[in-house]
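One letter stands for each residue in the lines below.
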2 protein chains.
Amino acid sequence: MRQATIRDVAREANVSVASVSRTINGHSNVNPATRERVLAAVRALGYVPNAAARSLSMALSHTIGVVVPDLHGEFFSELIRGMDTAASATGYHLLLSTMHADLEEARHAIAAMNGRVDGLIVMATQAQPEELDALLPASIPAVLLNCADGGGRPVFTIDDRAGAAAIAAHFAALGKRNILHIMGPESNNDARDRRKGFEEELKRLAPSAKLTVVPGNYQEEAGRAAVRDMLNSGNKVDAIFAANDMMALGAMQELRTNALDVPGDVVVAGFDDIPLAGFLGLTTMRVHMDQLGAQAVECLTRLLEGKGGEERVRLVPDLVIRASTEKPQ
Amino acid sequence: MRQATIRDVAREANVSVASVSRTINGHSNVNPATRERVLAAVRALGYVPNAAARSLSMALSHTIGVVVPDLHGEFFSELIRGMDTAASATGYHLLLSTMHADLEEARHAIAAMNGRVDGLIVMATQAQPEELDALLPASIPAVLLNCADGGGRPVFTIDDRAGAAAIAAHFAALGKRNILHIMGPESNNDARDRRKGFEEELKRLAPSAKLTVVPGNYQEEAGRAAVRDMLNSGNKVDAIFAANDMMALGAMQELRTNALDVPGDVVVAGFDDIPLAGFLGLTTMRVHMDQLGAQAVECLTRLLEGKGGEERVRLVPDLVIRASTEKPQ
DNA sequence: CTGAAAGCGCTTACAG
DNA sequence: CTGAAAGCGCTTACAG
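Residues numbered from 1 in each chain as written. Chains lettered and ligands numbered in written order. Predicted model: local features only at pLDDT ≥ 70, side-chain atom pairs only at ≥ 80, totals over all residues. Heavy atoms only, no water.

## Concerning the sheet that holds strand E5 (residues 155-158) of chain A
Two pairing modes exist for strands in a sheet, parallel and antiparallel, and in both the strands are linked by backbone hydrogen bonds. How we decide: We treat two strands as partners when DSSP finds at least two bridges between them. The secondary structure listing takes helices from DSSP runs of H or I that are at least 4 residues long and strands from runs of E that are at least 2 residues long, numbered from the N terminus. Here, axes are lines fitted to C-alpha atoms. For helices the fit covers the stretch in contact, and angles between N-to-C directions go from 0 to 180 degrees.
The 12 strands lie next to each other as E11(A)-E5(A)-E4(A)-E3(A)-E1(A)-E2(A)-E2(B)-E1(B)-E3(B)-E4(B)-E5(B)-E11(B), forming an open sheet whose pairing is mixed. Because the sheet does not close on itself, it has two edges, and the strands there are strand E11 (312-315) of chain A together with strand E11 (312-315) of chain B. Averaged over neighbouring strand pairs, the angle between their axes works out to 20° when direction is ignored.

In structure tokens, the structure reads:
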């Protein structure tokens, strides 16, 4: 069955399409009697305005285009969920595309969004400012996620350095002085920032502490291997910070397998706060991806309403202390 | 900067908009020289067609509207991810809305999609067929998820009964005869189906087995409580099936706390295969929400292309045997 | 192979 | 308060 259009309603109510439009949109300059006739016709025909036609006419879609590398895992689902919450709270919708870390795909996705969105939220982590300029249409505002440099556009990021620094402060407060850091992949921005933030804060708060950094790959086994190597080398470590929870959990298990007590002999901390961390009592940094998504949407809607928007927001993760470290005194 | 339109391109290339349109859309009836001039103008102006205008003109958006109750948790994120994979493989986009189990919100979301989507995928689990008829526009096809009755529309569901039956068969094959089922909330469709499927298959394969069913609420603590009650009552159970993984994990922990061996004394199985289940070695049913989403999208695109579509697909979960039950002989 | 024109379903000055 | 008309940016018969 064909959807009724505004003309069908106008005919049914014996008025012009202009009057139907005014009634639908709640304009005040409509005679009450006319309004009633129109509303009756709307009900009778089950009329629902065509949003695409309205967008075209008003050059406004009340839709936000979202382009992310992937949709895999809690990280992205929380991000999208936060965006959805903030968007629907302000009457916006979400048009979703994945780009698989491929700028060509991103270009395609953004082209397909032209005319259907009022603004964009794009996570193109590795993109350079010039690439972003080529990618993003100059005609609509865009907010970036986890980009090093947005080339003047608002950027929202998780503050990895501040997060890692919080772990360093926690270790320092516990009096730990022989510390192992299991790094994430060297090629990974977050991994580098976590290491840097941890190292700098530790140096600042506990200059006498000894820090050993070993490579890792974010997998559980890397955490286990780091502990085995440590034990073999005879290095007397009293605290371990792994760049993510999976490696921290691997380290924790391996310590216990070797009859070391956590947190009695060695305290362990991770990063991300995956569900397993809560279940197994791992101290970690909780990353609020939903808040990041929500804030990005709010920034974009402010831009769309011409109310400006922050330049760069770094969302600091929360330290969640659990049984794998002691509570500070 | 204003986006260039097809008229700008036509002027720049000194042709009519019709020729620009034909070139853009790869029609064959364009003189090569004209085509080149047009393409040059497109490049020069950075022209990108307005997708909303095209949709309106062609009455085709190549977009699928997705309405789900929520975006929380792995369940939904996997569903959306599966949809995205299938959609982008066939050149479709996803317009996303959440309805929070509220039919009025769903109506609103669907109204906002009118004219912007070619079809709908809706998860309105509790909706009756008449409510669905009132909710869904007759003008475009819709595919339903996890609905008991789609009122003639295609419905895609997880086959909870078959999944639970697989656990029953597993227990029967292991020779278990004194069995406890920890149910999910009575009000929950899935929970009821899981119980029913388990009970029927057990009766069929092991008529002599004794089955005790106790209530639960999908929380870890309900699993623990069920085990405590069982131990207090002196009931000699040799197998436990919990309606979801969290309760199964609670039960497993509580058994071990009480010096019972899993799977030696009691085998335990859950449902869902959450990440924790893998980490802690819980036997469970793996639910492929991504496949469900992908199949729903494929069904809908087939409908859109007039190629019909299945009426009702029940996706059977996979039995994943881990250390919490023995391997069958 | 090409262009002028109508049409997709809306909104909004403009004139009355 | 109301309607005829132009316009949003496209596509597509139609005529040439």
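Alright, that's what it looks like, and here's the rest.
## Here we look at the protein's contact with DNA strand C
Note the cut-off: Here, proximity means that at least one heavy atom of the residue falls within 4 Å of the molecule or strand. Each polar contact in these results corresponds to two N or O atoms within 3.5 Å; when the atoms are within protein, one needs to be able to donate a hydrogen and the other to accept it, and residues that are neighboring in sequence are counted only if both atoms are side-chain atoms.
The immediate surroundings of DNA strand C are formed by 27 residues, with A:Ile6, A:Ser21, A:Ser57, B:Arg22 and B:Thr34 found nearest. Take the atoms of DNA strand C that sit within 4 Å of the protein: sugar and phosphate atoms are 68% of them. Between a phosphate oxygen of DNA strand C and a side-chain N or O atom of A:Asn25, the distance comes to 3.0 Å. One of the side-chain N or O atoms of B:Ser57 is found 3.1 Å from a base nitrogen in DNA strand C. Those elements that provide at least two residues to the surface near DNA strand C are helix H2 (17-24) and helix H4 (51-58) of chain A together with helix H2 (17-24) and helix H4 (51-58) of chain B. Looking at which element gives the most residues to the surface near DNA strand C, the answer is H4(A), with four residues.

## Observations regarding the protein's contact with DNA strand D
Heads up, the condition is: By the convention adopted, Pro, Cys, Tyr, Trp, Phe, Met, Ile, Leu, Val and Ala count as nonpolar, Lys, Arg, Asp and Glu as charged, and the other residues, Gly among them, as polar.
Inspection of the region around DNA strand D gives 27 residues, with A:Arg22, A:Thr34, B:Ile6, B:Ser21 and B:Ser57 positioned closest. The sugar-phosphate backbone supplies 69% of the atoms of DNA strand D found within 4 Å of the protein. Between DNA strand D and the protein, one listed contact pairs a phosphate oxygen with a side-chain N or O atom of B:Asn25 at 3.0 Å. Within the backbone of B:Ala53, a nitrogen or oxygen atom sits 3.4 Å from a base nitrogen of DNA strand D. Top contributing element to the surface near DNA strand D by residue count: H4(B), with four residues. Residues of the surface near DNA strand D, tallied by class, amount to 11 nonpolar, 13 polar and three charged.

## Observations regarding the side chain of A:Thr301
Residue and element names in this part refer to chain A. The cut-off we apply is this: The buried label applies to any residue whose accessible area, calculated with a 1.4 Å probe on protein chains only, is under 20% of its type's maximum; exposed applies above 50%, and partly exposed to all values in between. Residue contacts are defined here by distance: any two heavy atoms, one from each residue, within 4.5 Å place the two residues in contact.
The residue Thr301 is located in helix H13 (residues 289-304) in this model. A relative accessible area of 7% means that Thr301 is categorised as buried. If sequence neighbours within four positions are ignored, Thr301 has contacts with Ile64, Thr90 and Tyr92.

## Some details on the domain arrangement of chain A
Cut-off, in case you're wondering: Where each domain starts and ends follows an automatic or database-derived domain assignment.
Split by domain assignment, chain A resolves into domain 1 (6-49), domain 2 (60-159 + 289-317) and domain 3 (160-286). Using C-alpha coordinates to define each centre, domain 1 of chain A is positioned 37 Å away from domain 2 of chain A.

## Here we look at the environment of A:Met183
Residue and element names in this part refer to chain A. Within the secondary structure, Met183 is located in the loop between strand E6 (178-182) and helix H9 (189-205). Classification of Met183 by relative accessible area gives buried; the value is 5%. In this structure the C-alpha to C-alpha distance between Met183 and Thr284, which are 101 residues apart in sequence, comes to 15 Å. Apart from residues no more than four positions distant in its own chain, Met183 is found in contact with Ala191, Arg192, Arg195, Val213, Val214, Pro215, Gly216, Asn217, Ala243 and Met247.

## Some words on the relation of the copies chain A and chain B
Our working definition: Least squares is the method for superposing the copies, and the C-alpha atoms it fits come from residues with pLDDT of at least 70 in both.
Its rotation angle being 180°, the transformation that places chain A on chain B also includes 0.1 Å of axial translation and leaves an RMSD of 0.1 Å. A rotation of that kind, with that shift, is consistent with a two-fold axis. Measuring from the rotation axis to each C-alpha of chain A, the shortest distance belongs to A:Leu95, at 2.3 Å. Of the interface residues in chain A, 100% have counterparts in chain B that sit at the interface too, so the contact is made through matching surfaces.

## A word on empty space enclosed by the protein
Rolling a probe over the atoms, with the probe sized like a water molecule, indicates the empty space that remains. Rules: Points on a 1 Å grid over protein atoms alone make up a cavity when a 1.4 Å probe fits among them but cannot get out, and a pocket when they form an open set with protein on both sides within 12 Å along at least five of seven lines; lining residues each have an atom within 4 Å of a point. Grid points are joined across faces, edges and corners, and a volume is the space filled by probe spheres set on the points.
If you walk through the whole model with that rule in mind, you get three cavities of 30 Å³ or more. When its volume is computed, the largest cavity comes out at roughly 110 Å³. Going through the elements one at a time, H4 of chain A together with H4 of chain B are the ones with two or more residues in the lining of the largest cavity. With three residues, H4(B) is the single largest residue contributor to the lining of the largest cavity. Class assignment for the residues of the lining of the largest cavity results in five nonpolar, seven polar and two charged. Estimates place the volume of the second largest cavity at around 70 Å³. Residue lining of the second largest cavity: A:Leu71, A:Phe76, A:Ser77, A:Ile80, A:Arg81, B:Leu71, B:Phe76, B:Ser77 and B:Ile80, and that is the complete set.

## Comments concerning the pattern of salt bridges
Operational definition: Criterion for a salt bridge: a side-chain nitrogen of Lys or Arg within 4 Å of a carboxyl oxygen of Asp or Glu.
Counted by the stated rule, this structure contains 38 salt bridges over all chains. Ionic pairing is found between A:Asp133 and A:Arg153, a salt bridge with its closest N-O pair at 2.6 Å. A residue pair is termed long-range when its members are at least 10 positions apart, and A:Asp133 in helix H7 (residues 129-135) and A:Arg153 in the loop between strand E4 (142-145) and E5 qualify at 20 residues. You can call A:Arg153 buried: its relative accessible area is 19%. A salt bridge links B:Lys307 to B:Glu305, with the shortest nitrogen-to-oxygen separation between them at 3.3 Å. Residue class for B:Lys307 comes out exposed when judged on its relative accessible area of 59%.

## Overview of the packing of helix H1 (residues 6-13) of chain B against helix H3 (residues 32-45) of chain B
Residues and elements named next belong to chain B. For the record, the criterion: When an angle is under 35 degrees it counts as roughly parallel; over 145 it counts as roughly antiparallel; between 65 and 115 it counts as roughly perpendicular; any other value is oblique. Crossings are sorted by hand: turned counterclockwise from the far helix by less than a right angle, the near helix makes the crossing left-handed, and turned clockwise it makes it right-handed.
Look at H1 against H3: their axes get within 9 Å of each other, and the N-to-C directions meet at 125°. As the angle between them shows, H1 and H3 are arranged oblique. Relative to H3, the crossing made by H1 is right-handed. Together, Asp8, Val9, Glu12 and Ala13 of H1 and Arg37, Val38, Ala41, Val42, Ala44 and Leu45 of H3 make up the contact between the two elements. Counted by class, the contact of H1 with H3 contains seven nonpolar, no polar and three charged residues.

## Focus: unusual backbone geometry
Residues and elements named next belong to chain A. Look at the link from Val262 to Pro263: it is a cis peptide, with omega at 15°. Even without a glycine there, the phi angle at Ala59 is positive, about 55°. In this structure Ala59 comes out as exposed when scored by relative accessible area, which is 63%.

## Focus: the side chain of B:His181
Among the structural elements, B:His181 can be located in strand E6 (residues 178-182). Those residues within four positions of B:His181 in sequence are excluded, and the remaining contacts are B:Arg195, B:Phe198, B:Leu211, B:Thr212, B:Val213, B:Val214, B:Phe241, B:Ala242 and B:Ala243.

## Comments concerning the pairing of strand E8 (residues 239-242) of chain B
Residue and element names in this part refer to chain B. Residues Ala239 and Phe241 point to one face of E8 and Ile240 and Ala242 to the other, with burial holding for every one of them. Of the pairings in the sheet, the one linking E6 to E8 comprises four bridges and is parallel in character. Bridge pairing in E8 links Ile179 to Ala239. The pairing of E8 with strand E9 (residues 267-269) spans three bridges and is classified as parallel. Along E9, the bridge assignment pairs Phe241 with Ala269.

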